[in-house]
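One letter stands for each residue in the lines below.
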Amino acid sequence: MFDPQSLKGRKVIIHDMTLRDGMHAKREQIGVELMVKVATALDAAGVPYLQVTHGAGLGGNSEQHGRAPHSNEEYLRAVVPNLKRAKASVLLIPGLGTMQELDRAYDCGARSVHCATHCTEADTTRQHIAHSRKLGMDTSGFLMMAHLNSPAGIAEQGKLMESYGANTIYVTDSAGALLPHEVQARIGALRDALLPETEIGFHGHHNMGLGIANSLAAIESGAGRIDVSSAGLGAGAGNTPLEVFVAVCERMGIETGCDLFLLMDLAEDIVWPMMDHMVRVDRDALTLGFAGVYSTFLLHAKRASAKTGVPARDILVELGRKKMIGGQEDMIEDTALTMAKERGLIQ
Amino acid sequence: MSKIKCALIGSGNIGTDLIYKLRRSEVLEPVWMVGIDPASEGLALAKELGLKVTSDGIDGLLPYIAADDIQIAFDATSAYVHAENSRKVNAQGVLMIDLTPAAIGPLCVPPVNLRGHTAKLEMNVNMISCAGQATIPMVYAVSRLQSVSYAEIIASLSSKSVGPGTRANLDEFTYTTSNALKVVGGAREGKAIAIINPAEPPMIMRNTVYCRTDEAPRAKEIIESVHDMIAQVQKYVPGYKLVNGPVFDGNRVAIYLEVAGLGDYLPRYAGNLDIMTAAATRTAEMFAEEILAGTIQLKPVKVA
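Starting from 1, residues in each chain are numbered consecutively following that chain's sequence as written. Numbering of ligands from 1 and lettering of chains from A proceed in the order in which they are written. Per-residue local features of the predicted model are confined to residues with pLDDT of at least 70, and side-chain atom pairs are confined, for both listing and counting, to 80 or more; whole-chain, interface and lining totals are unaffected and use all residues.

Trainee: An account of the overall build of chain B is needed here, citing residue identities and associated values.
Mentor: Put simply, DSSP H or I for four residues or longer makes a helix, DSSP E for two residues or longer makes a strand, and each gets a number counted from the N terminus. Looking only at helices and strands, one finds nine helices and eleven strands in chain B. The globule rule used here is 2.2 Å times the number of residues to the 0.38 power, and the radius of gyration it is set against is calculated over C-alpha atoms. In summary, chain B has a C-alpha radius of gyration of 19 Å against a globular reference of 19 Å for 304 residues, a match within 12%. Along the first, second and third principal axes, the C-alpha set of chain B runs to 60 × 45 × 35 Å. Remark: C-beta atoms are placed from the backbone, and a residue is labelled buried if 20 or more other C-beta atoms sit within 10 Å of its own, exposed if 12 or fewer do, or partly exposed between those counts. Every one of the 304 residues in chain B was classed for burial, and the buried ones make up 56%. Note on contacts: each residue gets a C-beta atom placed from the backbone, and two residues are in contact if those atoms are within 7 Å. Considering only contacts within chain B whose residues lie at least 6 apart along the sequence, 70% involve residues at least 24 apart.

This is the structure we're talking about:
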């Protein structure tokens, strides 16, 4: 599939998601001390960007997305002073987070932002992208659930975000549903459409075991930024595992600037022990990838299943059928209740 | 029976849908529509339906207000021009119903606080946002029984029903709606979340309301209060429906709603737009009934 020659010597910017996407896998319960510990280790290993917020980003503390023990500002204020080289980034989903919250994150030291929207709704990010550029932040347009738009559609949406000021456009496989050739089609379409100086990123989920392969496919098609997570700590079956990805890159001659052994130690000694459940391709996580459902729905569906008696897999398949997208976590309990009524499990 | 004559400012989806709502009213009559684009579909339709139209903006209407006896105006343009529009029509004694997020006048959710506004003869009332109209009655249904420390709402809107104005200004939607959950809904803190879903066929507007009560929720009374309030909203939005809940989880009350529109100018899935035009119409009717009964009299607002 990959031409080793086309990858050799390529430089890739690693963006770590352990302390943001990983929050989902921890039901948003990572304390400040642990955040600082992980962030410090990532920084020491040469990871250039690391994201630090509630799993749903700025404005994420809510009934809908769960409450973290600390505010985003508290996390950033604790982490940023400990970073020697790395830049801290935040996630901002318009409709949930606001520019006021972005200003506060900036004041706490955040210098990069994933400005995220569903892959067909880029025009809801205009004011936020423009604002973050005005602040001088490294700004990515983050097209979530990218399997739900065609390569041409992704290119069109990416162009919009580029026109608002984004310096990087991400193909975000929130459901872990894309196959390598589908990643390549989307990244390739973006590369053709965007200005040469605009970077392209890929954010994968490992629900079908393709985190590494899809990231390599993305690089081959022109991506220069890859989102990863230590030990894969992230929603669903997790993100592209950082230490594995860096090892593969070294073998293939792709430059990441990261220290592999330090990353192995971080995963083994700090991140694995902090997991509440083993982040892996279990039955329900695989269903996410297979049915194209937002990875964050996983633990919500398991909870709704425990409440209503409807199997989590059935709930997830139904959510996929109803075309629910990221941010519609309220529809999980709603859907489970409706299914339970239909099945005579509740009144 | 005579009707109160109305002007519609803005010829987009909302303004055009309002024509249908007002034509059905027993006390309101749409007489003018104001646009800025002579080629707009809304203006053409308004003309076809017998309204007078101008594409010269608000200034194209002003000379005819007195002669045509316009007493109520609806502004469905944008927050940026609303204050100016309002000042100009208020100066001629015309009551302004504001459907933009400008919110310079008091916030209005008909079954919650409309009567207070008519009694005070407010000359500008704001309709908050679609999500506000859909969810605040539920927050109030809980807060009128026991104190609510926090209310959070999630509005899921079909992509096709969200116009360029809202898309370009999602933060305004968030701020306006969050504030109204407190001011009108009666919660101490408020948070509003909007999701735009592009599914085809388009999904009908959904809303979820979470309330955190200070004391343990009084389930039986809350269920009764919620059902009573739903019946109130259904009087002007028949497609307002409880899908699931109230679900009680500790001190959290969850209410899952669906809002289907009437399908006038806008398709049924666009319940978010329909609940705005229906609520605005309901608000205008309440003022109109008072005007017709002679209990209130609109007066020109002096410009300072």
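On we go.
Trainee: An account of the domain arrangement of chain A is needed here, citing residue identities and associated values.
Mentor: Interfaces are often described in size by the accessible area the parts lose on coming together. Residues and elements named next belong to chain A. Domain boundaries in chain A define domain 1 (10-274) and domain 2 (296-342). Computed from C-alpha atoms alone, the centre-to-centre distance between domain 1 and domain 2 is 26 Å. Listed per partner, the contact involves 13 residues of domain 1 and eight residues of domain 2. Split into classes, the residues belonging to the side of domain 1 that touches domain 2 amount to five nonpolar, seven polar and one charged. Segment limits for the domains were obtained from an automatic or database-derived domain assignment. Three classes are used: nonpolar for Ala, Val, Leu, Ile, Met, Phe, Trp, Tyr, Cys and Pro, charged for Asp, Glu, Lys and Arg, and polar for all others, with Gly counted as polar.

Trainee: Account for the packing of helix α5 (residues 130-143) of chain B against helix α8 (residues 219-234) of chain B, with residues named and values stated.
Mentor: Residue and element names in this part refer to chain B. Think of each axis as a best-fit line through the C-alpha atoms, taken over the contacting stretch in the case of a helix, with angles from 0 to 180 degrees between the N-to-C directions. In contact at an axis separation of 9 Å, α5 and α8 are set at 145° when each is read in the N-to-C sense. Judged by the twist between their axes, the crossing of α5 over α8 is right-handed. Across the interface between the two elements, P137, M138, Y140, A141 and V142 of α5 pack against I222, S225, V226, M229, Q232 and V233 of α8. Left-handed describes a crossing in which the near helix is turned anticlockwise from the far one by less than a right angle; the clockwise case is right-handed.

Trainee: Tell me what's going on with the pairing of strand β1 (residues 4-9) of chain B, and back it up with residues and numbers.
Mentor: Residues and elements named next belong to chain B. Here β1 lies mainly inside the structure; five of its six residues are buried. Being paired, for any two strands, means DSSP has found at least two bridges between them. Note: β1 against strand β2 (residues 28-34), six bridges, orientation parallel. Bridge assignment links C6 to a residue of β2, and that residue is P30. A crossover counts as right-handed when, viewed with the strands pointing away from the observer, the path leading from the first strand over the helix to the second turns clockwise. In terms of handedness, the path from β1 via helix α1 (residues 13-24) over to β2 forms a crossover that is right-handed. By the bridge criterion, five bridges tie β1 to strand β4 (residues 70-75) in an arrangement that is parallel. Bridged to C6 within β4 is I72.

Trainee: A description of the pairing of strand β10 (residues 240-249) of chain B should follow, citing residues and the corresponding values.
Mentor: Residue and element names in this part refer to chain B. Note that β10 and strand β11 (residues 252-259) share seven bridges and pair antiparallel. Counted as the bridge partner of V247 is A254 from β11. Following β10, the chain reverses through two residues before pairing antiparallel with β11; G250 in that reversal takes a positive phi of roughly 60°.

Trainee: Tell me about the sheet that holds β11 of chain B, and name the residues and values.
Mentor: The five strands are arranged β8-β7-β9-β11-β10 (chain B) in an open sheet whose pairing can be described as mixed. Either end of the sheet is taken by a strand with one partner, and the two such strands are β8 (187-197) and β10 of chain B. Between one strand axis and the next, the sheet turns by 15° as a mean value, whatever way the strands run. Strands β7 (148-158), β9 (205-213), β10 and β11 of chain B of the sheet are contacted by helix α15 (residues 330-342) of chain A, whose axis makes an angle of about 100° with β10 of chain B.

Trainee: Lay out the sheet that holds strand β6 (residues 124-126) of chain B with the relevant residues and their values.
Mentor: Residues and elements named next belong to chain B. The strand order β3-β2-β1-β4-β5-β6 describes an open sheet built from six strands, whose pairing is parallel. Bordering the open sheet on either side are β3 (52-54) and β6, each of which pairs with just one other strand. In this sheet, adjacent strand axes meet at a mean angle of 25° when their direction is disregarded. With respect to the sheet, α1 is in contact with β1, β2 and β4, its orientation differing from that of β2 by roughly 160°. Of the strands in this sheet, β1, β4, β5 (95-98) and β6 touch helix α3 (residues 79-90), which is tilted by about 160° from β5.

Trainee: Summarise the nonpolar core; cite the residues concerned and give the values.
Mentor: When buried Ala, Val, Leu, Ile, Met, Phe, Trp, Tyr and Cys residues are joined through C-beta atoms within 7 Å, the set is termed a nonpolar core. Within the largest apolar cluster, 211 residues are counted, with the highest numbers of intra-cluster contacts made by C6, L8 and V139 of chain B. Ignoring anything within four residues of it in the chain, the contact list for V139 of chain B reads V148, A151, L181, G185, G186, A187, V209 and C211 of chain B.

Trainee: Tell me about helix α5 (residues 99-107) of chain A, and please be specific about residues and values.
Mentor: Every buried residue belonging to α5 of chain A is among M99, E101, L102 and A105 of chain A, and all of these are buried. Along the axis of α5 of chain A, the buried residues cluster in a sector spanning 150°; they form a single face. Directions pointing from the helix axis toward each C-beta atom define the arc.

Trainee: Run through the interface of chain A and chain B, naming residues and quoting values.
Mentor: Facing the 24 residues of chain A at the interface are 25 residues of chain B. For the side of chain A that touches chain B, the secondary-structure elements that each account for two or more residues are α6 (126-134) and α15 of chain A. Sorting elements by how many residues they give to the side of chain A that touches chain B places α15 of chain A first, with five residues. Looking at side-chain class alone, the side of chain A that touches chain B contains six nonpolar, eleven polar and seven charged residues.

Trainee: Explain the domain arrangement of chain B to me, using residue names and the numbers behind them.
Mentor: All names here are of chain B. Here chain B is partitioned into domain 1 (4-127 + 277-293) and domain 2 (130-270). Centre-to-centre, using C-alpha coordinates, domain 1 lies 25 Å away from domain 2. Counting residues at the interface gives 20 residues for domain 1, matched by 21 residues for domain 2. When residues in the side of domain 1 that touches domain 2 are grouped by element, the largest group, five residues, is from α1. When its residues are assigned to classes, the side of domain 1 that touches domain 2 shows twelve nonpolar, five polar and three charged.

Trainee: Give me the packing of helix α4 (residues 110-120) of chain B against helix α9 (residues 271-293) of chain B: which residues, what numbers.
Mentor: Residue and element names in this part refer to chain B. Running from N to C, α4 and α9 cross one another at 35°; their axes reach a closest spacing of 10 Å. In the packing of α4 onto α9, the handedness of the crossing is right-handed. Each of P110, L114 and T118 in α4 lies in contact with α9, whose residues at this interface are A279, R282, T283, M286, F287 and E290. Each residue belonging to the contact of α4 with α9 can be placed in one class, and the counts come to five nonpolar, two polar and two charged.

Trainee: Outline the environment of G176 of chain A, listing residues and values.
Mentor: Note that G176 of chain A resides in the loop between β6 (168-172) and α8 (180-193). Spatially, the C-alpha atoms of G176 of chain A and H205 of chain A are 4.4 Å apart, while their sequence positions differ by 29 residues.

Trainee: Could you give me a rundown of helix α10 (residues 242-252) of chain A, with the residues and numbers involved?
Mentor: Residues and elements named next belong to chain A. When α10 is considered as a whole, its buried residues turn out to be L242, E243, F245, V246 and C249. The buried residues of α10 occupy one face: seen down the axis, they fall within an arc of 160°. Residues of α10 that are buried make contact with β1 (13-16), α9 (211-220), β8 (225-228) and α11 (260-274). Remark: G253 follows α10 within two positions and exhibits a positive phi of approximately 80°.

Trainee: Which residues make up the environment of A185 of chain A, and what values go with them?
Mentor: Residues and elements named next belong to chain A. Following the sequence through the fold, A185 ends up in helix α8. Note on A185: 19 C-beta atoms within 10 Å, which makes it partly exposed. Residues A185 and P151 lie 34 residues apart in sequence; the distance between their C-alpha atoms is 5.8 Å.

Trainee: Run through the environment of F290 of chain A, naming residues and quoting values.
Mentor: Along the chain, F290 of chain A falls in helix α12 (residues 283-291). Between the alpha carbons of F290 of chain A and N207 of chain A there is a distance of 8.0 Å; along the sequence they are 83 residues apart.

Trainee: Break down the confidence of the model for chain B for me, citing the residues and quoting the values.
Mentor: When pLDDT is averaged across chain B, the result is 94; 99% of the residues are at 70 or more. Predicted as a complex, the structure gets a pTM of 0.94 and an ipTM equal to 0.95. Across the chain, each position has a pLDDT score giving the predictor's confidence in that residue, from 0 to 100.

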